[in-house]
Amino acid sequence: MTDATLRVEFAAQPAAIRVRGYWGTVGRRLRYDYVTLFFLAVILMIVFAAIAAPLIAPFDPNKTSMAFRLKPIGFRDFRLGTDELGRDMLSRLIWGGRMSLLMGLVPVVVATAIGGTLGVIAGFVGGKLNMLIMRTMDIFYAFPSVLLAIAISGMMGGGMYNGLIALSMVFIPPLCRIAETATTQVRHLDFVEAARASGASSGSIILHHVVGNVLAPVLIYASSLISVSVLLSAGLSFLGLGVEPPTPDWGLMLSTLRQAIYVQPLVCALPGAAIFITSLSFNLVSDGLRHAMDVRI
Amino acid sequence: MTAEFVAAAVVLAASTVALPAKAETVLRVAMTAGDIPDWTGQPDQGFEGYRFVGWSLYDALINWDLSRSDVEAGLTPGLAVKWGIDPANNKRWVFELRKDVKFHDDCKLDADLVVWNIQRLIDDKTPGFNPVQYSRHRSRSINVERAEKIDDGKVAIYTKTPDSFLPYNVSVWYMISKCAMEKANFDNALYAKAPAGTGPYKFDKVVPRERLELTKNADYWNPKRVPKHDRLVLIPMPEATTRAAALLAGQVDFIEAPSPDTIPRLKSSGMRVITLPYPHNWHYQLNFVEPPFNDVRVRRAANHALNRAEMVEMLGGIAQEGYATYPPNAKLYGNPVKYEYDPAKATALLKEAGCHPCAITFAISTSGSGQMQPLPMNELVKAQLEAVGFKVKLDVMDWNTLLDVSFKGREKYPQYNGINISRATQDPPNGLLRFVMKQQWSPNGGNWGWYENQEIEDIVAEAMRTFDDEIRDILMTKVHEIASREAIMLFVTHDLNPRALSPRVHGFVQAQSWFQDLTPITIVEGGK
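Residues numbered from 1 in each chain as written. Chains lettered and ligands numbered in written order. Predicted model: local features only at pLDDT ≥ 70, side-chain atom pairs only at ≥ 80, totals over all residues. Heavy atoms only, no water.

1. As for the pairing of strand β16 (residues 390-397) of chain B
Residue and element names in this part refer to chain B.
Thinking step 1. The element β16 is largely enclosed, with a buried count of 6 among its 8 residues.
Thinking step 2. In terms of strand pairing, strand β15 (residues 358-365) meets β16 through 8 bridges, oriented parallel. Note that in β16 the partner of A363 across the bridge is D395.
Thinking step 3. Between the parallel pair β15 and β16, the chain is carried across by helix α13 (residues 374-388), and the sense of this crossover is right-handed. (Buried < 20%, exposed > 50% of the residue type's maximum accessible area, 1.4 Å probe, protein only. Helix = DSSP H or I, 4+ residues; strand = E, 2+ residues; numbered from the N terminus. Pairing = 2+ DSSP bridges. Right-handed = clockwise from strand over helix to strand, strands pointing away.)

Here you go:
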């Protein structure tokens, strides 16, 4: 066998034997998941519209005009019609996206940070501390999430900040539970024991060995909560416990526009459609992520 | 035996044919209230509780004549046939009681029972004293010192100061059966299971948070007001679109305050929509202690900032522009300042007062008795105020929470510069005095923001000593004009009181009053 032959045989080794890393596998799965990609694009569009609202909204979202109240879709420059105070619906929907995304994302991020940390500590330390943290969480579990959000908001009063706090409190217990369960599963595995035997501190073990293993299930679950948060915040605004009027907010818009449902039913349905599309998009993207990140597949 | 049986069967069949079972006629009313109003005496849920529950189950010594729609409703004899001030003592009113009136539980109306009913709302040592109802009724009872029996048919009520307005306050002081309370061992919760008044309807049953069912009192002492239907069902339904949908779906027959945008749809479906001017004021009561509304220039600026024509347009024309506490058709209206829409003047006044931008916070509700369409209306007010230099924060809350803010007053809630609670203005104590008198400072009364004006105090004191109605009306008109000049409120609109009735409902006469009489209503199946 000549050198040339050897070179040819070496070069002909199948590429398949290259081992793809975890994130590479996730990326590849996502690349071929067209449903997830489509709804990810929808979310990106909503995010872009929300960020660029001052530039792309055709009118001031709070500018009222009784002469133009409750106009239909396509009326003059009001492409999506006007609301009960004659405000441009398209502009309010674009600006409303900001509030919905804020109310959808911030409580989940806050709850992930707090609930995840508490869950990891409870799972890693165990014993009485675990009992204290998890039983406290169980108290919150006793109430349905909608009821709990309404109760907390009702107690603290309406407004955006109180709404954010209420929703964060609603999401902390389930995220804590997920993190605690995942931590309990890994804390006695060999690599953790090995790290402990090597003299690593608890903090260091949590940071370098536990969090990495807990992060995936927590993030997957957290992503599924974004759509719930969007819906709950819309519900709070609908009940008057959310943002302060006349802030453009889809839930609040839906609440006030329902009075005009017999006059302009399509215009009245628009905020509901926006809530539905956003919530559906986050839900399906979360599903796609869960599928892509599942190590058992 | 067989023949007898056949004969009996024939008679039974014949009687069945001859006397078909008469279906019970039921009037189902959707109220704007968030819950069933308290049915044990003095109602809650705002004045709507009085409108539907108070006047149905109970009577006062003096009632309201709600039989006409062409004049402002006035007082009429109720459980008292006559009343008047004692010529020898201008702090003693004498009431002559109606004879042979019985409560729904057969308890007899007499002087002892009336005295107990007065005392139970002013004296915590009286058996059956109800602190909640005492608090609810305080703005009406604040000047009442005591009641005493003169004889079986006469009662005297003593006031702390001469009070020519007492008959108005007595007109919402409901008489409940002392026998029923004794049977309940003066426990209000037990009494609530079997309440008894003298009103045209009797209590039948309640489904908490869902419905209160009353039945016709065929033995009502006033034959003209014996209900022309068998059953009255009162359903709390705070959301306007839900009420309209319930009427369209045939779940109710009578709805309060349909939203303006549903009215064309209701009319096109054959529903009858009634509107009529009535004593109502949709406004903001202001905080006169904390800045900025302690400065009259800021109050005037806010009033000049409002484009009320635009508000009426937004409401589909079912309101009047409001420039004062009373609507223009009220007899005490007089010649108040008309705060025309003048944004430039409003801005100038704010700058002159050194409050530009001028940050204010209003407490508002999402619904409630007489609140009309609170969210869009408040949003429009905010937009108009901000256009002249105010910076408005709207703190939205549930109706009952807002009522709590109202009862407890500005001292408890200093963070609010104003509260948006609409009020009935059918009588001077309710429509005007409670907003301007120091005696009515919250939490004792309805002067939420602690307004004080010695000129008004002097005139009111004179009016209270004046038992000639005409002279007193002149004095009260003057108070109304001063209150307007001082911009004691942010005046917005007066409601035209829309309600929608199913084609089954006949005979309803809409009175020019916050209260209404449902007894003349007949229910005609398939009626047009």
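2. Brief notes about the nonpolar core
Thinking step 1. In terms of nonpolar packing, the biggest core is built from 128 residues, with F362(B), L385(B), F390(B) and L518(B) touching the most fellow members.
Thinking step 2. Among all residues touching L518(B), those that are not within four sequence positions of it are L27(B), V29(B), F52(B), Y201(B), H229(B), L232(B), F254(B) and F508(B). (Core = buried A, V, L, I, M, F, W, Y, C linked by side-chain atoms within 4.5 Å. Contact = heavy atoms within 4.5 Å.)

3. Remarks on the domain arrangement of chain B
Residues and elements named next belong to chain B.
Thinking step 1. As assigned here, chain B comprises domain 1 (23-38 + 199-273 + 498-528), domain 2 (59-187) and domain 3 (280-495).
Thinking step 2. A straight line from the C-alpha centre of domain 1 to that of domain 2 covers 28 Å.
Thinking step 3. At the interface, 16 residues of domain 1 touch 20 residues of domain 2.
Thinking step 4. Regarding the contact of domain 1 and domain 2, the summed buried area is about 1,400 Å², with carbon and sulfur atoms giving 56% of it. (Domains from an automatic or database assignment. Buried area = accessible area lost by both parts, 1.4 Å probe.)

4. Here we look at the sheet that holds strand β12 (residues 272-274) of chain B
Strand pairing within a sheet occurs via backbone hydrogen bonds; the two strands may be parallel or antiparallel.
Residue and element names in this part refer to chain B.
Thinking step 1. Sheet architecture is open: 7 strands sit in the order β8-β9-β10-β1-β11-β20-β12, paired in mixed fashion. Each having just a single partner strand, β8 (201-207) and β12 make up the two edges of the open sheet. The mean inter-strand angle of the sheet, taken between neighbouring strand axes irrespective of direction, is 20°.
Thinking step 2. Where strand β1 (residues 26-31) meets strand β11 (residues 254-256), 2 bridges bridge the pair, whose relative direction is parallel. Across the sheet, the residue bridging to A30 is I255, located in β11.
Thinking step 3. Contacting β1, β11 and β20 (499-501), helix α8 (residues 240-248) runs over the sheet at an angle of about 170° to β11. (Axes fitted to C-alpha atoms, helices over the stretch in contact; angles between N-to-C directions.)

5. Let's talk about the interface of chain B and chain A
Put simply, an interface is often sized by how much accessible area is lost when its parts join up.
Thinking step 1. Listed by partner, the interface residues are 26 residues for chain B and 22 residues for chain A.
Thinking step 2. Here chain B packs against chain A, burying approximately 2,100 Å² in sum over the two surfaces, 59% of which is carbon and sulfur.
Thinking step 3. The tally of links between chain B and chain A comes to 4 salt bridges.
Thinking step 4. Here E239(B) and R258(A) are joined by a salt bridge, their closest N and O atoms 3.6 Å apart.
Thinking step 5. The interface formed by chain B and chain A includes 7 residue pairs in polar contact (both at pLDDT 80 or more). (Salt bridge = Lys/Arg side-chain N within 4 Å of Asp/Glu carboxyl O. Polar contact = N/O pair within 3.5 Å; in protein donor to acceptor, adjacent residues only side chain to side chain.)

6. Focus: the side chain of S237(A)
Residues and elements named next belong to chain A.
Thinking step 1. Looking at where S237 falls in the secondary structure, it is placed in helix α10 (residues 202-238).
Thinking step 2. According to the relative accessible area criterion, S237 is buried, its value standing at 2%.
Thinking step 3. The residues contacting S237, other than those within four sequence positions of it, are G242, V243, D249, G251, L252 and S255.

7. Focus on the sheet that holds strand β6 (residues 144-151) of chain B
Residue and element names in this part refer to chain B.
Thinking step 1. Strand order in the open sheet made by the 4 strands is β4-β5-β7-β6, with antiparallel pairing throughout. Since the sheet does not close on itself, it has two edges, and those belong to β4 (80-86) and β6, each with one partner. Each adjacent strand pair in this sheet contributes to an overall mean axis angle of 20°, direction not counted.
Thinking step 2. Bridge count between strand β5 (residues 89-97) and strand β7 (residues 154-159): 5 bridges; the pairing is antiparallel. Pairing of V94 across the sheet is with A156, part of β7.
Thinking step 3. Strands in contact with helix α3 (residues 111-119) are β5, β6 and β7; relative to β6, the strand with the most contacts, it is inclined by about 175°.

8. A look at the packing of aromatic side chains
Residue and element names in this part refer to chain B.
Thinking step 1. Taken as a whole and judged by the stated rule, the model has 29 aromatic pairs over all chains.
Thinking step 2. Here the aromatic rings of W39 and F203 are separated by 6.2 Å at their centres, their planes lie at 15°, and the arrangement is stacked. A residue pair is termed long-range when its members are at least 10 positions apart, and W39 in the loop between β1 and α2 (47-57) and F203 in strand β8 qualify at 164 residues. Side by side, W39 and F203 carry an identical accessibility label, which is buried. (Phe/Tyr/Trp six-rings, centres within 6.5 Å; stacked < 30°, edge-to-face > 60°.)

9. Here's the deal with a nonpolar patch on the surface
Residue and element names in this part refer to chain A.
Thinking step 1. There is a patch of nonpolar side chains on the surface, built from Y32, Y34, L37, L40 and L44 and spanning about 530 Å² of accessible area.
Thinking step 2. Along the polypeptide, Y32 turns up in the loop between α2 (22-31) and α3 (34-51).
Thinking step 3. By relative accessible area, which is 49% here, Y32 ends up partly exposed. (Patch = residues over 30% accessible without salt bridge, like charges linked within 9 Å, V, L, I, M, F, W, Y side chains within 5 Å. Areas by Shrake-Rupley, 256 points an atom, 1.4 Å probe, with all protein chains shown as cover.)

10. Remarks on the state of the cysteines
Residue and element names in this part refer to chain B.
Thinking step 1. Counting across every chain of the model gives 2 disulfides over all chains.
Thinking step 2. Each sulfur in the disulfide pair C107 and C179 lies 1.9 Å from the other. Since a negative S-S torsion denotes a left-handed disulfide, the C107-C179 link at about 60° is right-handed. Of this pair, C107 sits in the loop between β5 and α3 while C179 is found in helix α6 (residues 178-183), placing the two residues 72 residues apart along the sequence.
Thinking step 3. Each sulfur in the disulfide pair C355 and C358 lies 2.0 Å from the other. (Disulfide = S-S within 2.5 Å.)

11. Brief notes about the packing of helix α15 (residues 428-436) of chain B against helix α17 (residues 469-485) of chain B
Residue and element names in this part refer to chain B.
Thinking step 1. Between α15 and α17, the shortest axis-to-axis distance is 11 Å and the interhelical angle comes to 50°. Put simply, α15 runs oblique to α17. The two elements α15 and α17 cross, and the hand of that crossing is left-handed. In this structure, α15 uses P428, L432, L433 and V436 to contact α17, whose residues at the interface are M476, V479, H480 and A483. (Parallel < 35°, antiparallel > 145°, perpendicular 65-115°, else oblique. Left-handed = near helix turned anticlockwise from the far one by under 90°.)

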